[in-house]
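Close look at the chain arrangement
Spelled out, the chains give:
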Amino acid sequence: MGFFDRISEGLSRSRDKFKEQMNVLLDRGPNLDEDFWDGLEETLILSDIGAPAASEIVENLRDQATRKALPDAYAVLELLNDQIASTFTSGGEEIFGGEEALVLFVGINGTGKTTTVGKIAKEATDAGRKVILGSADTFRAAAIEQLEVWAQRAQVEMVTRERGADPASVCYDTIERAEEAGADLVLIDTAGRLHTSSDLMRELEKVVNVVRKRSKMPVFTVLVIDATTGQNGLQQAREFNKALNLDALIITKLDGTAKGGIALAISHELELPVVKIGVGEGLEDLKDFDPHAFAEALVG
């Protein structure tokens with residue numbers, strides 16, 4: 001199964017929900033009246049795309065409908081995929097694009113953060129890059145063990161310390177080791193932080209600041225979000241972005257949710273690019289984000 005098929009299958013629940021709403025809307029008739037535009041905006045909001053993004057999409061479609069003298073709702077809907085794709089914030093290619101980079105992965109527990117780090121390490125190593133992993137999640141012994149399994153699979157070196165050690169010092173050690181080894185990609189897994197805990201977020205800020213000061217490589221802070229959390233994921237992203245000034249997003253677990261539109265809501269509101277998406281547990285189920293493929297899988 002190709003990756004587009006996997007995205008399409010993964011987003012099937014989100015797509016079914018969207019189509020259901022659209023059918024109700026189109027049953028009223030294909031006229032481009034106020035009811036249609038209001039209904040389209042409501043349908044997009046109900047798909048977890050979020051009110052600001054939905055409003056912008058509808059405004060742009062209205063503008064095109066007027067300029068191109070589109071005859072009916074069906075002609076407007078043919079433009080919807082491209083409009084959704086262009087509403088995502090672009091960029092982020094330099095993070096995993098082959099240049100030297102140090103990437104800090106942040107997020108709450110249970111988003112698939114550690115697994116994501118492992119998959120990216122394996123993919124980068126297979127592409128011939130020299131990768132070093134840092135396990136700065138020193139609170140959960142399971143996180144260190146989990147990353148160790150991935151380090152072995154990817155055949156990459158991993159830097160860690162005993163449980164309970166200072167995460168900032170693990171990051172420091174990881175950077176030193178990466179410089180010694182001549183690594184061109186450093187991936188650091190941080191402890192899962194509840195965005196509602198100001199103490200934990202402050203500690204994470206310290207970790208990010210230490211890394212930004214110490215690293216000679218460009219540093220990127222990437223938030224891993226579980227799509228199944230829907231609007232709660234948007235709230236998490238706001239708090240992490242406020243504290244850490246994020247560079248990009250990775251959206252996981254898109255295969256188990258009817259809330260796939262949340263990827264667009266977060267990217268649009270916080271002006272952050274989505275760099276990778278996950279649609280399953282397998283190594284091949286985490287891939288570079290393609291907004292057009294995503295839009296097509298989301299709305300059909």
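All figures in this text were calculated on a predicted structure; none of them were measured in a lab.

Regarding the layout of surface pockets
Volume-wise, the largest pocket comes out at about 370 Å³. As for the largest pocket, its lining consists of 23 residues, of which Gly92, Glu93, Phe96, Val275 and Asp288 are closest to the centre. Of all elements in the fold, only helix H7 (93-96), helix H8 (113-126) and strand S7 (274-278) reach the threshold of two or more residues within the lining of the largest pocket. Residues that form the lining of the largest pocket fall into these classes: twelve nonpolar, six polar and five charged.

A look at the domain arrangement of the protein
Split into domains, the protein comes out as domain 1 (3-87) and domain 2 (93-289). A C-alpha centroid distance of 33 Å is found between domain 1 and domain 2. Facing the 18 residues of domain 1 at the interface are 19 residues of domain 2. Buried surface at the junction of domain 1 and domain 2, both sides included, amounts to about 1,600 Å², of which 61% is carbon and sulfur. Of all residues in domain 1, Phe3, Arg6 and Asp48 give up the largest surface area on contact with domain 2, accounting jointly for 36% of the area buried on that side. Our count for the domain 1 to domain 2 interface comes out at one salt bridge. For the interface between domain 1 and domain 2, the tally reads eight residue pairs in polar contact (both at pLDDT 80 or more). Of all the elements in the fold, those that place two or more residues in the side of domain 1 that touches domain 2 are helix H1 (3-10), helix H2 (12-26), helix H4 (51-67) and helix H6 (80-87). Taken together, the residues of the side of domain 1 that touches domain 2 sort by class into eight nonpolar, five polar and five charged.

Remarks on the sheet that holds strand S4 (residues 185-190)
Taking strand neighbours across the sheet as the criterion, the eight strands line up as S3-S2-S4-S1-S5-S6-S7-S8 in an open arrangement whose pairing is mixed. Only two strands of the sheet have a single partner each, and these edge strands are strand S3 (157-159) and strand S8 (286-288). Taken over all neighbouring pairs, the strand axes of this sheet differ in orientation by 25 degrees on average, direction set aside. Across five bridges, the pairing between strand S1 (residues 101-106) and strand S5 (residues 219-226) is parallel. The residue bridging Leu102 from the neighbouring strand is Val219, located in S5. Strands in contact with helix H9 (residues 141-154) are strand S2 (131-136), S3 and S4; relative to S2, the strand with the most contacts, it is inclined by about 170 degrees.

Notes on the pattern of salt bridges
Opposite charge on two side chains permits them to pair, given that their charged atoms come into close proximity. One pass over the structure, following the stated rule, counts 19 salt bridges. Taking the shortest distance from any N to any O, the salt bridge between Arg129 and Asp184 comes out at 3.4 Å. With a gap of 55 residues between them, Arg129 in the loop between H8 and S2 and Asp184 in the loop between helix H10 (167-181) and S4 connect regions that are remote in the sequence. For Arg129, a relative accessible area of 12% gives the class buried. Note that Asp173 and Arg161 form a salt bridge whose closest N and O atoms lie 2.9 Å from each other.

Thresholds applied
- Residues numbered from 1 in each chain as written.
- Predicted model: local features only at pLDDT ≥ 70, side-chain atom pairs only at ≥ 80, totals over all residues.
- Heavy atoms only, no water.
- 1 Å grid on protein atoms, 1.4 Å probe; cavity = no way out; pocket = protein on both sides within 12 Å on 5 of 7 lines; lining within 4 Å.
- Points joined across faces, edges and corners; volume = space filled by probe spheres on them.
- Helix = DSSP H or I, 4+ residues; strand = E, 2+ residues; numbered from the N terminus.
- Nonpolar A, V, L, I, M, F, W, Y, C, P; charged D, E, K, R; others polar.
- Domains from an automatic or database assignment.
- Contact = heavy atoms within 4.5 Å.
- Buried area = accessible area lost by both parts, 1.4 Å probe.
- Salt bridge = Lys/Arg side-chain N within 4 Å of Asp/Glu carboxyl O.
- Polar contact = N/O pair within 3.5 Å; in protein donor to acceptor, adjacent residues only side chain to side chain.
- Pairing = 2+ DSSP bridges.
- Axes fitted to C-alpha atoms, helices over the stretch in contact; angles between N-to-C directions.
- Buried < 20%, exposed > 50% of the residue type's maximum accessible area, 1.4 Å probe, protein only.

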